[in-house]
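# Chain and residue survey
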Amino acid sequence: MRIPLLDLTAQYDFIKTEVDEAVQNVLDTQHFIMGEPVKKFESKVNGYIGSNYAFGCASGSDALLLALMAIDIQPGDYVITSPFTFFATAGAISRLGAIPIFIDVEYDSFNIDPEKVRAFLEGEDELAKKINAPKEKIKAIIPVHLYGQVADMDPIMNIAKEYNLFVIEDAAQSIGSKYKDHSAGTMGDFGCFSFFPSKNLGAYGDAGLITVKDEGLAEKVDMLRLHGARPKYHHKYVGINSRLDTIQAAILEVKLKYLEEWSTRRREIALLYNELFEEAGLIREGITLPKETTGNPETSGVHIYHQYTVRINHRDELAKHLKEKGIGHAVYYPIPLHEQECFAGLGYQSMDCPIAYEAGRQVISLPIYPELTEEKIQYVVKTISEFIRG
Ligand SMILES: Cc1ncc(COP(=O)(O)O)c(C=O)c1O
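Residues numbered from 1 in each chain as written. Predicted model: local features only at pLDDT ≥ 70, side-chain atom pairs only at ≥ 80, totals over all residues. Heavy atoms only, no water.

### Topic: the site of the ligand
Taken together, 15 residues lie near the ligand, and Gly60, Ser61, Asp170, Ser194 and Lys199 sit nearest. Between the ligand and Gly60, the relevant distance is 2.8 Å, taken from an oxygen atom to a main-chain nitrogen or oxygen of the residue. Coverage of the ligand by the protein chains reaches 93% of its 390 Å² of free accessible surface. Given that more than half its atoms are within 2 Å of the pocket grid, the ligand belongs to the largest pocket. Of all the elements in the fold, those that place two or more residues in the shell around the ligand are helix H3 (60–70) and helix H4 (88–95). The element best represented in the shell around the ligand is H3, accounting for three residues. In the shell around the ligand, the residues fall into six nonpolar, seven polar and two charged. (Near = heavy atom within 4 Å. Polar contact = N/O pair within 3.5 Å; in protein donor to acceptor, adjacent residues only side chain to side chain. Areas by Shrake-Rupley, 256 points an atom, 1.4 Å probe, with all protein chains shown as cover. 1 Å grid on protein atoms, 1.4 Å probe; cavity = no way out; pocket = protein on both sides within 12 Å on 5 of 7 lines; lining within 4 Å. Sits in = over half its atoms within 2 Å of the grid points. Helix = DSSP H or I, 4+ residues; strand = E, 2+ residues; numbered from the N terminus. Nonpolar A, V, L, I, M, F, W, Y, C, P; charged D, E, K, R; others polar.)

Take a look at the structure:
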(Lines give C-alpha, C1' and ligand atoms only; values in the text may rest on other atoms or scores of the structure.)
Protein backbone atom coordinates (compact mmCIF):
# COMPACT_ATOMS: atom_id res chain seq x y z
CA MET A 1 0.00 0.00 0.00
CA ARG A 2 1.32 3.50 -0.85
CA ILE A 3 -0.01 6.39 1.20
CA PRO A 4 1.18 9.89 0.33
CA LEU A 5 1.47 12.56 3.01
CA LEU A 6 -1.09 14.54 1.04
CA ASP A 7 -3.11 13.59 -2.04
CA LEU A 8 -4.27 16.61 -3.96
CA THR A 9 -5.33 14.65 -7.03
CA ALA A 10 -8.19 13.04 -5.08
CA GLN A 11 -9.42 16.50 -4.13
CA TYR A 12 -9.10 17.82 -7.66
CA ASP A 13 -11.10 14.86 -9.02
CA PHE A 14 -13.92 15.87 -6.69
CA ILE A 15 -14.04 19.56 -7.67
CA LYS A 16 -12.65 19.36 -11.21
CA THR A 17 -15.78 20.54 -13.04
CA GLU A 18 -16.23 23.60 -10.87
CA VAL A 19 -12.55 24.53 -10.82
CA ASP A 20 -12.12 24.11 -14.55
CA GLU A 21 -15.14 26.30 -15.16
CA ALA A 22 -13.88 28.99 -12.77
CA VAL A 23 -10.50 29.06 -14.50
CA GLN A 24 -12.14 29.14 -17.93
CA ASN A 25 -14.25 32.11 -16.83
CA VAL A 26 -11.10 34.06 -15.99
CA LEU A 27 -9.56 33.09 -19.31
CA ASP A 28 -12.70 34.29 -21.06
CA THR A 29 -12.54 37.70 -19.39
CA GLN A 30 -8.72 37.98 -19.83
CA HIS A 31 -8.78 40.00 -16.62
CA PHE A 32 -5.80 38.48 -14.87
CA ILE A 33 -4.77 41.20 -12.43
CA MET A 34 -7.14 42.18 -9.60
CA GLY A 35 -10.09 40.72 -11.50
CA GLU A 36 -13.57 40.26 -10.08
CA PRO A 37 -12.83 36.89 -8.36
CA VAL A 38 -10.21 38.58 -6.14
CA LYS A 39 -12.76 40.90 -4.53
CA LYS A 40 -15.31 38.11 -4.28
CA PHE A 41 -12.88 35.77 -2.60
CA GLU A 42 -11.67 38.48 -0.18
CA SER A 43 -15.23 39.22 0.79
CA LYS A 44 -16.08 35.54 1.29
CA VAL A 45 -13.03 34.91 3.48
CA ASN A 46 -13.88 38.03 5.45
CA GLY A 47 -17.37 36.67 6.04
CA TYR A 48 -16.18 33.14 6.78
CA ILE A 49 -13.70 34.05 9.48
CA GLY A 50 -15.33 37.25 10.68
CA SER A 51 -12.46 39.67 10.14
CA ASN A 52 -12.87 43.41 9.59
CA TYR A 53 -10.91 43.70 6.34
CA ALA A 54 -9.27 41.11 4.09
CA PHE A 55 -6.85 41.64 1.23
CA GLY A 56 -5.52 39.00 -1.08
CA CYS A 57 -1.78 39.03 -1.72
CA ALA A 58 0.80 36.90 -3.45
CA SER A 59 1.74 34.56 -0.57
CA GLY A 60 1.68 34.01 3.16
CA SER A 61 5.24 35.31 3.29
CA ASP A 62 4.11 38.57 1.69
CA ALA A 63 1.15 38.83 4.07
CA LEU A 64 3.64 38.85 6.96
CA LEU A 65 5.85 41.37 5.21
CA LEU A 66 2.89 43.64 4.44
CA ALA A 67 1.77 43.58 8.08
CA LEU A 68 5.25 44.54 9.28
CA MET A 69 5.52 47.26 6.63
CA ALA A 70 2.11 48.63 7.60
CA ILE A 71 3.28 49.22 11.17
CA ASP A 72 6.51 50.80 9.94
CA ILE A 73 8.94 48.24 11.27
CA GLN A 74 12.38 49.77 10.86
CA PRO A 75 15.93 48.43 10.86
CA GLY A 76 16.97 47.85 14.46
CA ASP A 77 13.42 47.20 15.72
CA TYR A 78 12.69 43.92 17.47
CA VAL A 79 9.79 41.54 16.85
CA ILE A 80 8.99 38.59 19.10
CA THR A 81 8.11 35.29 17.51
CA SER A 82 8.30 31.52 17.75
CA PRO A 83 11.45 29.60 16.88
CA PHE A 84 9.33 26.61 15.87
CA THR A 85 7.77 27.70 12.61
CA PHE A 86 8.38 27.90 8.90
CA PHE A 87 11.23 30.23 8.01
CA ALA A 88 8.96 32.89 6.46
CA THR A 89 7.77 34.09 9.87
CA ALA A 90 11.21 35.31 10.87
CA GLY A 91 12.35 35.96 7.31
CA ALA A 92 9.77 38.74 6.98
CA ILE A 93 11.16 40.42 10.11
CA SER A 94 14.76 40.21 8.93
CA ARG A 95 13.95 41.43 5.42
CA LEU A 96 13.03 44.77 6.95
CA GLY A 97 16.30 44.91 8.87
CA ALA A 98 14.50 44.17 12.13
CA ILE A 99 15.62 41.55 14.63
CA PRO A 100 13.54 38.49 15.52
CA ILE A 101 13.39 37.55 19.19
CA PHE A 102 12.81 33.82 19.49
CA ILE A 103 10.83 32.80 22.55
CA ASP A 104 10.31 29.12 23.23
CA VAL A 105 7.09 27.22 22.60
CA GLU A 106 4.76 25.25 24.87
CA TYR A 107 5.35 21.50 24.97
CA ASP A 108 1.74 20.54 24.22
CA SER A 109 0.75 23.00 21.51
CA PHE A 110 4.11 23.77 19.84
CA ASN A 111 2.98 27.42 19.96
CA ILE A 112 4.75 30.36 21.59
CA ASP A 113 4.56 30.24 25.38
CA PRO A 114 2.90 33.44 26.69
CA GLU A 115 4.49 33.02 30.12
CA LYS A 116 7.94 33.01 28.58
CA VAL A 117 7.04 36.07 26.52
CA ARG A 118 6.03 37.83 29.71
CA ALA A 119 9.18 36.76 31.55
CA PHE A 120 11.24 38.06 28.64
CA LEU A 121 9.49 41.42 28.55
CA GLU A 122 9.81 41.79 32.30
CA GLY A 123 13.53 41.25 31.82
CA GLU A 124 13.41 38.36 34.25
CA ASP A 125 14.92 35.52 32.30
CA GLU A 126 18.39 34.73 31.00
CA LEU A 127 17.35 35.28 27.38
CA ALA A 128 16.21 38.84 28.13
CA LYS A 129 19.58 39.58 29.71
CA LYS A 130 21.42 38.12 26.77
CA ILE A 131 19.42 39.84 24.02
CA ASN A 132 19.25 43.10 25.92
CA ALA A 133 16.71 44.67 23.57
CA PRO A 134 15.71 48.24 24.45
CA LYS A 135 12.03 48.13 25.52
CA GLU A 136 10.99 50.90 23.15
CA LYS A 137 12.45 49.00 20.20
CA ILE A 138 10.28 45.91 20.73
CA LYS A 139 7.36 46.64 18.42
CA ALA A 140 5.34 43.54 17.76
CA ILE A 141 4.70 39.88 18.44
CA ILE A 142 3.96 37.24 15.82
CA PRO A 143 2.30 34.20 17.37
CA VAL A 144 2.19 31.30 14.92
CA HIS A 145 -0.82 28.99 14.94
CA LEU A 146 1.16 25.90 14.13
CA TYR A 147 -0.25 22.73 12.56
CA GLY A 148 -3.78 24.21 12.56
CA GLN A 149 -4.11 25.06 16.25
CA VAL A 150 -4.40 28.63 17.52
CA ALA A 151 -1.81 29.89 20.01
CA ASP A 152 -3.00 30.88 23.49
CA MET A 153 -4.27 34.27 22.37
CA ASP A 154 -5.86 35.68 25.55
CA PRO A 155 -2.61 36.07 27.48
CA ILE A 156 -0.81 37.09 24.30
CA MET A 157 -3.31 39.90 23.68
CA ASN A 158 -3.06 41.00 27.33
CA ILE A 159 0.72 41.15 27.19
CA ALA A 160 0.58 43.03 23.88
CA LYS A 161 -1.74 45.61 25.40
CA GLU A 162 0.44 46.01 28.46
CA TYR A 163 3.64 46.42 26.48
CA ASN A 164 2.12 48.31 23.55
CA LEU A 165 2.94 45.70 20.94
CA PHE A 166 1.19 45.03 17.66
CA VAL A 167 -0.02 41.46 17.24
CA ILE A 168 0.41 39.81 13.85
CA GLU A 169 -1.11 36.34 13.78
CA ASP A 170 0.72 33.95 11.51
CA ALA A 171 -2.34 31.93 10.55
CA ALA A 172 -0.70 30.45 7.45
CA GLN A 173 -1.58 26.93 8.62
CA SER A 174 -4.84 27.73 10.35
CA ILE A 175 -7.64 29.06 8.21
CA GLY A 176 -10.91 28.22 9.96
CA SER A 177 -9.36 27.17 13.27
CA LYS A 178 -10.76 28.75 16.40
CA TYR A 179 -9.82 29.99 19.84
CA LYS A 180 -12.81 30.48 22.13
CA ASP A 181 -15.09 31.01 19.15
CA HIS A 182 -12.72 33.50 17.54
CA SER A 183 -11.30 32.50 14.20
CA ALA A 184 -7.57 32.48 13.66
CA GLY A 185 -6.50 35.78 12.15
CA THR A 186 -9.23 37.91 13.75
CA MET A 187 -7.85 38.54 17.23
CA GLY A 188 -4.64 40.42 16.56
CA ASP A 189 -4.09 43.56 14.52
CA PHE A 190 -3.37 41.40 11.47
CA GLY A 191 -3.87 37.82 10.35
CA CYS A 192 -1.61 36.33 7.71
CA PHE A 193 -2.79 33.37 5.63
CA SER A 194 -1.06 31.18 3.10
CA PHE A 195 -2.78 29.31 0.31
CA PHE A 196 0.32 27.39 -0.68
CA PRO A 197 -1.03 24.29 -2.50
CA SER A 198 -0.52 21.92 0.44
CA LYS A 199 -2.40 24.10 2.91
CA ASN A 200 -5.94 23.17 4.05
CA LEU A 201 -7.18 25.79 1.62
CA GLY A 202 -4.62 25.51 -1.13
CA ALA A 203 -4.35 27.38 -4.41
CA TYR A 204 -2.81 25.98 -7.59
CA GLY A 205 0.29 28.07 -7.11
CA ASP A 206 1.39 30.69 -4.58
CA ALA A 207 -1.30 32.81 -2.95
CA GLY A 208 -1.98 34.52 0.37
CA LEU A 209 -4.25 36.90 2.25
CA ILE A 210 -3.96 39.40 5.07
CA THR A 211 -6.71 40.42 7.44
CA VAL A 212 -6.61 43.77 9.22
CA LYS A 213 -8.52 45.04 12.23
CA ASP A 214 -8.02 48.80 12.01
CA GLU A 215 -9.52 50.82 9.16
CA GLY A 216 -6.50 53.09 8.68
CA LEU A 217 -4.05 50.19 8.63
CA ALA A 218 -6.36 48.34 6.26
CA GLU A 219 -6.21 51.19 3.81
CA LYS A 220 -2.44 51.22 4.09
CA VAL A 221 -2.15 47.46 3.49
CA ASP A 222 -4.45 47.77 0.48
CA MET A 223 -2.05 50.34 -0.98
CA LEU A 224 1.19 48.65 0.10
CA ARG A 225 0.36 45.53 -1.91
CA LEU A 226 -0.01 47.73 -5.01
CA HIS A 227 3.32 49.56 -4.73
CA GLY A 228 1.84 51.94 -2.19
CA ALA A 229 -0.22 53.75 -4.82
CA ARG A 230 -3.70 55.22 -4.83
CA PRO A 231 -4.85 56.27 -7.30
CA LYS A 232 -2.61 54.48 -9.75
CA TYR A 233 0.78 56.20 -10.23
CA HIS A 234 0.32 58.33 -7.09
CA HIS A 235 2.60 56.66 -4.56
CA LYS A 236 1.95 57.50 -0.95
CA TYR A 237 4.18 54.67 0.33
CA VAL A 238 7.02 52.56 -1.02
CA GLY A 239 5.10 49.32 -1.29
CA ILE A 240 5.58 46.04 -3.06
CA ASN A 241 3.91 44.15 -5.88
CA SER A 242 1.92 41.52 -4.06
CA ARG A 243 -1.45 40.80 -5.57
CA LEU A 244 -3.56 37.70 -5.34
CA ASP A 245 -3.63 36.29 -8.86
CA THR A 246 -7.13 36.31 -10.36
CA ILE A 247 -6.97 32.68 -11.48
CA GLN A 248 -5.91 31.61 -7.98
CA ALA A 249 -8.72 33.66 -6.43
CA ALA A 250 -11.26 31.94 -8.71
CA ILE A 251 -9.96 28.50 -7.70
CA LEU A 252 -9.87 29.42 -4.01
CA GLU A 253 -13.43 30.68 -4.17
CA VAL A 254 -14.56 27.24 -5.33
CA LYS A 255 -12.52 25.47 -2.66
CA LEU A 256 -13.62 27.74 0.19
CA LYS A 257 -17.14 26.29 -0.07
CA TYR A 258 -15.81 22.88 0.96
CA LEU A 259 -13.34 24.00 3.61
CA GLU A 260 -15.53 23.40 6.67
CA GLU A 261 -16.40 19.91 5.45
CA TRP A 262 -12.74 19.13 4.77
CA SER A 263 -11.66 20.48 8.16
CA THR A 264 -14.29 18.36 9.91
CA ARG A 265 -13.01 15.28 8.11
CA ARG A 266 -9.42 16.13 9.10
CA ARG A 267 -10.51 16.33 12.73
CA GLU A 268 -12.20 12.93 12.44
CA ILE A 269 -9.03 11.44 10.99
CA ALA A 270 -6.91 12.95 13.77
CA LEU A 271 -9.23 11.56 16.43
CA LEU A 272 -9.16 8.16 14.74
CA TYR A 273 -5.36 8.19 14.72
CA ASN A 274 -5.44 9.06 18.44
CA GLU A 275 -7.84 6.23 19.16
CA LEU A 276 -5.86 3.67 17.20
CA PHE A 277 -2.53 4.69 18.77
CA GLU A 278 -4.11 4.45 22.21
CA GLU A 279 -5.69 1.06 21.48
CA ALA A 280 -2.36 -0.23 20.24
CA GLY A 281 -0.80 0.82 23.56
CA LEU A 282 1.82 2.94 21.84
CA ILE A 283 1.57 5.90 24.19
CA ARG A 284 3.25 3.83 26.91
CA GLU A 285 5.91 2.90 24.41
CA GLY A 286 7.10 6.36 23.64
CA ILE A 287 4.85 8.03 21.11
CA THR A 288 3.36 11.39 22.11
CA LEU A 289 0.13 12.30 20.35
CA PRO A 290 -0.88 15.84 19.42
CA LYS A 291 -2.78 17.66 22.17
CA GLU A 292 -5.68 20.00 21.60
CA THR A 293 -4.82 22.79 23.99
CA THR A 294 -7.26 25.28 22.50
CA GLY A 295 -9.70 22.84 20.96
CA ASN A 296 -11.22 21.15 23.99
CA PRO A 297 -14.78 21.81 25.20
CA GLU A 298 -13.68 24.14 28.02
CA THR A 299 -12.05 26.53 25.61
CA SER A 300 -14.38 25.79 22.70
CA GLY A 301 -11.65 26.14 20.14
CA VAL A 302 -11.22 24.17 16.94
CA HIS A 303 -8.00 22.54 15.78
CA ILE A 304 -8.12 22.03 12.02
CA TYR A 305 -5.20 19.59 11.83
CA HIS A 306 -3.29 21.10 8.99
CA GLN A 307 -0.79 18.53 10.21
CA TYR A 308 -1.15 15.49 12.42
CA THR A 309 2.17 15.56 14.21
CA VAL A 310 3.46 13.11 16.79
CA ARG A 311 6.65 13.08 18.83
CA ILE A 312 8.90 10.08 19.01
CA ASN A 313 12.50 9.30 19.88
CA HIS A 314 14.46 7.70 17.02
CA ARG A 315 12.38 9.83 14.68
CA ASP A 316 14.80 9.58 11.78
CA GLU A 317 14.77 5.77 11.95
CA LEU A 318 10.97 5.84 11.96
CA ALA A 319 11.02 8.13 8.90
CA LYS A 320 13.24 5.61 7.11
CA HIS A 321 10.91 2.77 8.05
CA LEU A 322 7.84 4.67 6.82
CA LYS A 323 9.59 5.42 3.54
CA GLU A 324 10.38 1.73 3.04
CA LYS A 325 6.72 0.92 3.67
CA GLY A 326 5.44 3.52 1.20
CA ILE A 327 4.04 5.91 3.80
CA GLY A 328 4.49 9.63 3.23
CA HIS A 329 5.66 11.77 6.14
CA ALA A 330 7.46 15.03 6.79
CA VAL A 331 9.38 16.79 9.50
CA TYR A 332 8.05 20.27 10.21
CA TYR A 333 10.61 21.52 11.24
CA PRO A 334 13.95 19.78 11.74
CA ILE A 335 15.94 22.89 12.67
CA PRO A 336 14.26 25.53 14.83
CA LEU A 337 14.90 29.07 13.70
CA HIS A 338 17.10 30.03 16.65
CA GLU A 339 19.53 27.36 15.43
CA GLN A 340 19.56 28.41 11.79
CA GLU A 341 22.87 29.43 10.27
CA CYS A 342 21.52 32.74 8.96
CA PHE A 343 20.57 33.76 12.51
CA ALA A 344 23.85 32.68 14.10
CA GLY A 345 24.79 36.33 14.50
CA LEU A 346 21.89 36.82 16.91
CA GLY A 347 23.82 34.77 19.46
CA TYR A 348 21.28 32.08 20.44
CA GLN A 349 22.38 28.77 21.89
CA SER A 350 20.30 25.66 21.17
CA MET A 351 19.17 25.53 24.80
CA ASP A 352 17.80 29.07 24.76
CA CYS A 353 14.66 27.40 23.40
CA PRO A 354 14.86 23.85 24.76
CA ILE A 355 11.32 22.79 23.85
CA ALA A 356 11.73 23.87 20.23
CA TYR A 357 15.15 22.19 20.18
CA GLU A 358 13.68 18.89 21.34
CA ALA A 359 10.65 19.18 19.04
CA GLY A 360 12.95 19.63 16.05
CA ARG A 361 14.49 16.27 16.83
CA GLN A 362 11.27 14.40 17.65
CA VAL A 363 8.38 15.56 15.49
CA ILE A 364 7.04 13.72 12.50
CA SER A 365 3.85 14.53 10.58
CA LEU A 366 1.76 11.66 9.24
CA PRO A 367 -0.60 11.50 6.26
CA ILE A 368 -3.74 13.57 6.74
CA TYR A 369 -6.17 14.74 4.09
CA PRO A 370 -9.96 14.50 3.84
CA GLU A 371 -9.95 11.61 1.38
CA LEU A 372 -7.72 9.38 3.56
CA THR A 373 -9.53 6.10 4.26
CA GLU A 374 -9.80 4.27 7.57
CA GLU A 375 -7.97 1.29 6.10
CA LYS A 376 -5.01 3.51 5.28
CA ILE A 377 -5.01 5.12 8.71
CA GLN A 378 -4.95 1.65 10.26
CA TYR A 379 -2.03 0.69 8.03
CA VAL A 380 -0.06 3.78 9.17
CA VAL A 381 -0.65 2.96 12.83
CA LYS A 382 0.19 -0.73 12.32
CA THR A 383 3.42 0.17 10.53
CA ILE A 384 4.46 2.52 13.35
CA SER A 385 3.53 -0.12 15.90
CA GLU A 386 5.77 -2.66 14.13
CA PHE A 387 8.60 -0.14 14.16
CA ILE A 388 8.25 0.63 17.86
CA ARG A 389 8.00 -3.01 18.85
CA GLY A 390 10.88 -4.04 16.62
C1 LIG B 1 3.71 29.13 9.56
C2 LIG B 1 3.92 29.65 8.18
N3 LIG B 1 4.19 30.95 8.00
C4 LIG B 1 4.34 31.47 6.78
C5 LIG B 1 4.26 30.69 5.65
C6 LIG B 1 4.53 31.31 4.32
O7 LIG B 1 3.51 31.13 3.40
P8 LIG B 1 3.81 31.07 1.84
O9 LIG B 1 4.47 29.77 1.54
O10 LIG B 1 2.48 31.19 1.21
O11 LIG B 1 4.69 32.23 1.51
C12 LIG B 1 3.97 29.33 5.77
C13 LIG B 1 3.78 28.46 4.61
O14 LIG B 1 4.52 27.74 4.13
C15 LIG B 1 3.81 28.78 7.08
O16 LIG B 1 3.54 27.49 7.26
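Now, onward.
### Comments concerning the pattern of salt bridges
Where charged atoms from two side chains of opposite charge approach closely, those side chains can pair. Applying the stated criterion across every chain yields a total of 24 salt bridges. Here Glu18 makes a salt bridge to Lys257, at a shortest N to O gap of 2.3 Å. Taken together, the residues span a long stretch of sequence, with Glu18 in helix H1 (residues 8–29) and Lys257 in the loop between helix H9 (246–256) and helix H10 (259–279) at a distance of 239 residues. Residue Lys257 is classed as exposed on the basis of its relative accessible area, which comes to 55%. When the shortest N-O distance is used, the salt bridge between Lys130 and Asp352 registers 2.5 Å. Pair noted here: Lys130 is in helix H6 (residues 126–131) and Asp352 is in the loop between helix H11 (315–324) and helix H12 (354–362), with a separation of 222 residues, a long-range link. For Asp352, a relative accessible area of 24% puts it in the partly exposed group. In the salt-bridge network here, residues are joined through shared partners; they are Glu42, Glu219, Asp222, Arg225 and Arg230. (Salt bridge = Lys/Arg side-chain N within 4 Å of Asp/Glu carboxyl O. Buried < 20%, exposed > 50% of the residue type's maximum accessible area, 1.4 Å probe, protein only.)

### Brief notes about the layout of surface pockets
Empty space within the largest pocket amounts to approximately 360 Å³. Residue lining of the largest pocket: 23 residues in total, with Phe86, Ala172, Ser194, Phe196 and Lys199 positioned closest to the centre. Of all elements in the fold, only H3 and H4 reach the threshold of two or more residues within the lining of the largest pocket. Residue contributions to the lining of the largest pocket peak at three residues, all from H3. Within the lining of the largest pocket, the residues separate by chemical class into nine nonpolar, eleven polar and three charged. (Points joined across faces, edges and corners; volume = space filled by probe spheres on them.)

### Let's talk about the domain arrangement of the protein
Partitioning the protein into structural domains gives domain 1 (8–103 + 110–256) and domain 2 (259–388). Contact residues are listed per partner, giving 44 residues for domain 1 and 40 residues for domain 2. Buried surface at the junction of domain 1 and domain 2, summed over both partners, amounts to about 3500 Å²; 62% is from carbon and sulfur atoms. Contact with domain 2 buries surface across domain 1, with Tyr147, Gln149 and Asn200 losing the most and accounting together for 21% of the total. Those elements that place two or more of their residues in the side of domain 1 that touches domain 2 are H1, H4, strand S3 (99–102), H6, strand S6 (178–179) and H9. Its residues assigned to classes, the side of domain 1 that touches domain 2 shows 25 nonpolar, twelve polar and seven charged. (Domains from an automatic or database assignment. Contact = heavy atoms within 4.5 Å. Buried area = accessible area lost by both parts, 1.4 Å probe.)

### A closer look at the nonpolar core
Residues Phe41, Ile80, Phe84, Ile101, Phe120, Ile138 and Phe195 are the most contacted members of the largest nonpolar core, which totals 60 residues. For this core, the domains that each give at least three residues are domain 1 (8–103 + 110–256) and domain 2 (259–388). Ignoring anything within four residues of it in the chain, the contact list for Phe41 reads Phe195, Leu201, Leu209, Leu244, Ala249, Leu252, Glu253 and Leu256. The next biggest cluster of nonpolar side chains, apart from the first, holds 29 residues, and it includes Cys57, Leu64, Ala140 and Cys192. (Core = buried A, V, L, I, M, F, W, Y, C linked by side-chain atoms within 4.5 Å.)

### A few points about H10
Spanning 21 residues, H10 covers 30 Å between terminal C-alpha atoms, matching the ideal 30 Å at 1.5 Å per step. Along H10, the positions that sit buried rather than exposed are Leu259, Trp262, Ser263, Arg266, Ile269, Ala270, Leu272, Tyr273, Asn274, Leu276 and Phe277. One or two residues past the end of H10 sits Gly281, with phi positive at roughly 70 degrees. (Expected span 1.5 Å × (residues − 1).)

### Topic: the environment of Leu66
Here Leu66 is to be found in helix H3. Using a relative accessible area of 0% as the deciding quantity, one classes Leu66 as buried. With 237 residues separating them in the primary sequence, Leu66 and His303 have C-alpha atoms 26 Å apart. With sequence-adjacent residues up to four places away left out, Leu66 is seen in contact with Cys57, Ile210, Val221, Leu224, Arg225, Ile240 and Ser242.

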